[in-house]
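Observations on the three-dimensional arrangement
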Amino acid sequence: MKSLLRILFSWTGLFLMVPVLGVATFVVAPSFNIWLPKDVSEHGRTIDALFMFILYLTGIVFIVTEMALVYFSWKYDATKNEKPVKYSHGSHAIELVWTILPAVTLLFIAIFQMEAWARAKMQPPNIPPTVEVTGRQFNWDFRYPGPDNELYTIDDIVRTDGKLFLPVNEEVLLKITSADVLHSFFLPNLRLKQDVIPGMDQGMWFKAKETGGYDIVCAELCGWGHYKMKGRVYFLPRGKYEEKLEEMRQEQNTMRVEVPEEDEG
Amino acid sequence: MSTVTVDAHSESHAVHGHGGGFLSTYVFSLDHKIIGLQFLFSSLIWFFVGGMLALGVRWQLAFPWKAMPILGNLLASPEGGQISPETYTMLVTMHATVMIFFVIIPVLAGAFGNFLIPLMIGADDMAVPTLNMLSYWFMWPAFLAMGTSFFVEGGAAQGGWTAYPPLSVLTEASPGSGSGQTLWLIGLTLVGISSMMGSVNYMTTIIQMRAPGMTMFRLPMTIWAMFITAILQAFALPVLTAAGFMQLGDRLVGTGFFLAEGATANNAGMASGGGQPLLWQHLFWFYSHPAVYIMILPAMGMVSDIISCFSRKPLFGYKPMVYSISGIAGLGFIVWGHHMFVSGMNPMLGMTFMVSTMMIALPSAIKTFNWLGTLWGGKIQYTTPMLFAISFVSMFIIGGLSGIFMAATPIDIFIHDTYFIVAHFHYVLFSGTAMAVFGAIYYWFPKMFGRMMNDSWGKVHFAVTFILLNCVFYPMHILGMQGFPRRLADPYHYETFRNLLPLNQFISYCAFTMVGLQIIFVINFFGSMFFGPRSGRNPWHSNGLEWQAPSPPGHGNFDFQPIIYRGPYEYGSPEVEEDYYPQTQPPPGGEMTNDE
């Protein structure tokens, strides 16, 4: 007991706080409701599982190396250690062990996650784009193909209110681009992020598995109004989704745009 | 290395002389030690400026849109201390710019590189002292450009320290994209010229001017790290300079390297275009990723020296340490794409960069294990520099491990540009490099000024900084886990991040306290400069060559011709009675040994 107190009130005690509080932070965070946000996508599970896998793996390495440091800092304190120092310049065998072990582990992680990356970025579904998303300072604009399912035709529905409606439980393909500077289309609840670049069209695909409204965040600095470039995505069942599309189409058809007459002077 | 070179140089050096008044001794000095101190002082002043900018950011994240007391009048005077979104964007941009280009790089390579290289290799000065002086004097136009940019119309640069086009190129895209951004680019280019002059000088000096007997594998880790850093800079910097000029061209004469066809912002006229925004990112990170290692390798070198000295034990695995920094330097050139996983770059290319990035974690791991191996079986003396050095190892473990999350591409899709990456690089750069620099200042202060810093106040400074920096940066990991994005002036109007305000307030309170308490260091530093106890040549009983010179060393450094008999880490050698064995002490037989 006395020696425990002596450890705690020494430099060793300070270094011991690192692994103890480091692990504790991640243990208590969920009870403060701070963790990976709710995942409503089908592929998000893979990313979260990979995150947790690396968290546990690095957690173990973290605890072991920090505890070694704590132990050495106590055991070999010059005021306590009576033994002469180990006059050693290193060990070839040990170097080999701690080179090969992490190398194999890192290679394993690298190969292990290739599949998830390929699915997220390299294998688009063979369907026409559900919506075209355009980032502009400081808003997300959406263009739906309308009844003919083809973009850039007369029946397209164009929305600039930052609200995106998509069908739930269906594979969707977004065509994303930018009208001015770089933005990043970030859906925290779907574990998706893609920078959008002016002059370049990109695809983004996913399947949502829950209805509801979720944040669309701009995650690439795009100017002074970057913070307010906010959107919402709503996932609706097929029927409601079609109703919503029809409602938006009606709204657009009846919309009158007042064009101010040009000044003749 | 032949004696002839050294002698020839000292003769040529006599021409410069060291007489003269205050101006030629302290201002237009050719002496590497004075130039090192000049770099040190200007970095410390900018460290203060960069810290103030960070506090502005922390205020806004803790108390959004509330007027900031005291400091707010300086940072955001037109708004009466309330930080506007454009000011906020300027603050994040300039905090990073100042810290990276005016603090970390100059303090490592400029201050410690200059001060230590000739002393540690047994030379009387740098190979080309005039070039050395110029490398410092090119920093001043850079200071001037960046400094004045705060006062031009629209304020300083607001495009992020990465200055991604089109935001940084289209002048209508943001208020700071006016002359602020142009001055930023000019400042950056000048820093590059300064670093380039420094690095060719360091390489030449280390290759050409080592004292007799100082073989490459008898160099201290600090010098190896400075050597590798100089190589990295020499090869990577031209790319940044070229990219900087291209962006200047885009901004000033409409070259359109980084603009797509018909690029426009804010309803302004269309730019000519014909370029690609991603090109900038490739060029920028081709420099700036090696720069990440420029910002950590010298710190690693200095920490290795300090740990071995205060463990009173040889450095564990000297050669593996040398090979791993060389490995980091080599791999450092082929991992830049991991900054661009979600940029729109070819995903196949992303996969390639992911593999090389995973591999670069390996040499860092090897170094960490070797530091632990050095502590093992030693007799650890808890001096202030040693505490900072051990904390570097402890903190680098966190910074290194959190990097693996970002390297895993599918996870990076989620945590890219969130506070997870902010936590990661602050653990490497503040908890790592800045703590190592503090340790190095406490360690080499006696050599710089001939006086000791106060050890008790040094320990107080260490304890408060160590505790508070963890309170500031550790919680950022879990902020990032929730997806909390960086560079947002007000993240709380997103439903996803609303609950993170209290944690951000805690971080900000700790940050304010930590910055405030650095006054302990400032008083200790300046007080010890004038009133500290005299240190003598070798206060730490260290083996390093620099400790055999007088404190502070006079012009020409050594008052004898140093001849090197062994490496710098022979602590606790059975050959001698003392627990240290200076590099210049002849062996008992009096002959050159070959037991390297």
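Residues numbered from 1 in each chain as written. Chains lettered and ligands numbered in written order. Predicted model: local features only at pLDDT ≥ 70, side-chain atom pairs only at ≥ 80, totals over all residues.

1. Some details on the overall build of chain B
- Each helix and strand in chain B was counted, giving 20 helices and zero strands.
- Taking 2.2 N^0.38 as the reference for a compact globule, 596 residues should give roughly 25 Å; the C-alpha atoms of chain B span a radius of gyration of 24 Å, in line with that estimate. (Helix = DSSP H or I, 4+ residues; strand = E, 2+ residues; numbered from the N terminus. Rg over C-alpha atoms; globule rule 2.2 N^0.38 Å.)

2. With respect to the overall build of chain A
- Within chain A, the regular secondary structure consists of six helices and ten strands.
- With the C-alpha coordinates of chain A rotated into their principal frame, the extents come out at 95 × 45 × 40 Å.

3. Digging into the interface of chain B and chain A
- Across the contact, 93 residues belong to chain B and 83 residues belong to chain A.
- At the level of elements, α5 (85-121), α10 (277-294), α12 (318-331), α13 (347-375), α14 (384-407), α15 (409-415), α17 (455-473) and α18 (475-481) of chain B are the ones that each hand at least two residues to the side of chain B that touches chain A.
- Top element by residues in the side of chain B that touches chain A is α13(B). It accounts for 15 residues. (Contact = placed C-beta atoms within 7 Å.)

4. Thoughts on the packing of α17(B) against helix α19 (residues 501-517) of chain B
Residue and element names in this part refer to chain B.
- Running from N to C, α17 and α19 cross one another at 155°; their axes reach a closest spacing of 8 Å. Overall, the two elements α17 and α19 adopt an arrangement that is roughly antiparallel. Where α17 crosses over α19, the handedness of that crossing is left-handed. In this structure, α17 uses Val 464, Thr 465, Leu 468, Leu 469, Cys 471 and Val 472 to contact α19, whose residues at the interface are Ile 507, Cys 510, Ala 511, Thr 513, Met 514 and Leu 517.
- Residue composition of the contact of α17 with α19, by class: ten nonpolar, two polar and no charged. (Axes fitted to C-alpha atoms, helices over the stretch in contact; angles between N-to-C directions. Parallel < 35°, antiparallel > 145°, perpendicular 65-115°, else oblique. Left-handed = near helix turned anticlockwise from the far one by under 90°. Nonpolar A, V, L, I, M, F, W, Y, C, P; charged D, E, K, R; others polar.)

5. Looking at the sheet that holds strand β9 (residues 212-218) of chain A
All names here are of chain A.
- Taken in spatial order, the five strands make up an open sheet running β4-β10-β9-β6-β7, and their pairing is mixed. Two strands close off the open sheet at either side, each with one partner strand: β4 (163-167) and β7 (192-196). In this sheet, adjacent strand axes meet at a mean angle of 25° when their direction is disregarded.
- Pairing between β4 and strand β10 (residues 231-236): five bridges, direction parallel. Bridge pairing in β10 links Leu 164 to Val 233.
- Strands β4 and β10 of the sheet are contacted by helix α6 (residues 238-254), whose axis makes an angle of about 140° with β4. (Pairing = 2+ DSSP bridges.)

6. Things to note about unusual backbone geometry
- With omega at -5°, the peptide bond leading from A:Gln137 into A:Phe138 counts as cis.
- In this chain, B:Ser551 is followed by B:Pro552 through a cis amide linkage whose omega measures -10°.
- With respect to the helices and strands, B:Pro552 occurs in the segment after α20 (519-531).
- For B:His541, which is not glycine, the phi dihedral falls at a positive 55°.
- On the secondary structure map, B:His541 appears in the segment after α20.
- Judged by the 15 C-beta atoms lying within 10 Å of it, B:His541 falls in the partly exposed class. (Buried ≥ 20, exposed ≤ 12 C-beta atoms within 10 Å, placed from the backbone.)

7. Thoughts on the nonpolar core
Residues and elements named next belong to chain B.
- By size, the foremost hydrophobic cluster in this structure holds 261 residues, and its most contacted members are Ile 121, Phe 392 and Ala 436.
- Looking at this core, the element that brings in the most residues is α5, giving 24 residues.
- Setting aside residues up to four positions removed in sequence, Ala 436 forms contacts with Ala 299, Met 302, Val 303, Phe 388, Ala 389 and Phe 392. (Core = buried A, V, L, I, M, F, W, Y, C linked by C-beta atoms within 7 Å.)

8. Let's talk about the pairing of strand β5 (residues 171-178) of chain A
All names here are of chain A.
- Where strand β1 (residues 131-136) and β5 come together, five bridges link them in parallel fashion. Opposite Val 131, over in β5, you have Leu 174 as the bridge partner.
- The pairing of β5 with strand β8 (residues 202-207) spans six bridges and is antiparallel. Bridging from a neighbouring strand, Ile 176 pairs with Gln 202 of β8.

9. Brief notes about the domain arrangement of chain A
Residues and elements named next belong to chain A.
- Assigned domains within chain A: domain 1 (2-79 + 94-120) and domain 2 (131-254).
- Computed from C-alpha coordinates alone, the two centres of domain 1 and domain 2 are separated by 38 Å.
- With nine residues of domain 1 in contact, the opposing surface of domain 2 contributes ten residues.
- In terms of residue class, the side of domain 1 that touches domain 2 is made up of three nonpolar, three polar and three charged. (Domains from an automatic or database assignment.)

10. Overview of α12(B)
- Taking 1.5 Å per residue as the helical rise, α12(B) with its 14 residues ought to reach 20 Å, and the 20 Å between its terminal C-alpha atoms agrees with that figure.
- Along α12(B), the positions that sit buried rather than exposed are B:Tyr318, B:Pro320, B:Met321, B:Ser324, B:Ile325, B:Ile328 and B:Ala329.
- Packed against the buried residues of α12(B) are α4 (92-112) of chain A together with α9 (221-253), α10, α11 (297-311) and α13 of chain B. (Expected span 1.5 Å × (residues − 1).)

11. Observations regarding α13(B)
Residues and elements named next belong to chain B.
- Helix length check: α13, at 29 residues, gives a terminal C-alpha distance of 43 Å against a target of 42 Å (1.5 Å per residue), a fit within 8%.
- In terms of burial, α13 is largely enclosed, as 21 of its 29 residues are buried.
- Immediately downstream of α13, the backbone of Gly 377 shows phi near 75°, a positive value.

12. Some words on the packing of α5(B) against α11(B)
All names here are of chain B.
- Viewed as axis vectors pointing N to C, α5 and α11 meet at an angle of 40°, and their least axial separation amounts to 9 Å. It follows that α5 is oblique to α11 by the angle criterion. α11 is crossed by α5, and the crossing has left-handed handedness. Of α11, the residues touching α5 (which contributes Leu 108, Ala 109, Phe 112 and Gly 113) are Pro 298, Ala 299 and Met 302.

13. Considerations on the environment of A:Gly22
- Tracing the backbone shows A:Gly22 in helix α2 (residues 11-28).
- Sequence separation of A:Gly22 and A:Ile63 is 41 residues, and the distance between their C-alpha atoms is 9.0 Å.
- Contacts of A:Gly22, omitting those with residues within four sequence positions, involve A:Phe62 and B:Tyr474.

14. Re the sheet that holds strand β2 (residues 139-144) of chain A
Residue and element names in this part refer to chain A.
- Taken in spatial order, the five strands line up as β3-β2-β1-β5-β8 in an open sheet, and their pairing is mixed. Edge positions in the sheet fall to β3 (157-159) and β8, since each has one partner strand and no second. Neighbouring strand axes in the sheet, compared pairwise and without regard to direction, differ in orientation by 25° on average.
- Here β1 runs beside β2; their pairing, made up of five bridges, is antiparallel. Pairing of Val 133 across the sheet is with Phe 142, part of β2.
- Contacting β2 and β3, α6 crosses the sheet at an angle of about 85° to β3.

15. Structural notes on the environment of B:Ile228
Residue and element names in this part refer to chain B.
- You can see Ile 228 is positioned in helix α9.
- Separated by 70 residues in the primary sequence, Ile 228 and Gln 158 place their C-alpha atoms 33 Å from one another.
- The contacts of Ile 228, once residues within four sequence positions are left out, are Leu 297, Ile 325, Ser 326 and Ala 329.

16. Side note on the environment of A:Met1
- Looking at the element boundaries, A:Met1 is found in the segment before α1 (2-8).
- Each C-alpha atom of the pair A:Met1 and A:Tyr56 lies 31 Å from the other, and the pair is 55 residues apart in sequence.

17. Some details on the confidence of the model for chain B
- Mean pLDDT for chain B: 92, with 94% of residues reaching 70 or above.
- Interface predicted TM-score (ipTM) for the complex: 0.95; the corresponding pTM is 0.94. (pLDDT = per-residue confidence, 0-100.)

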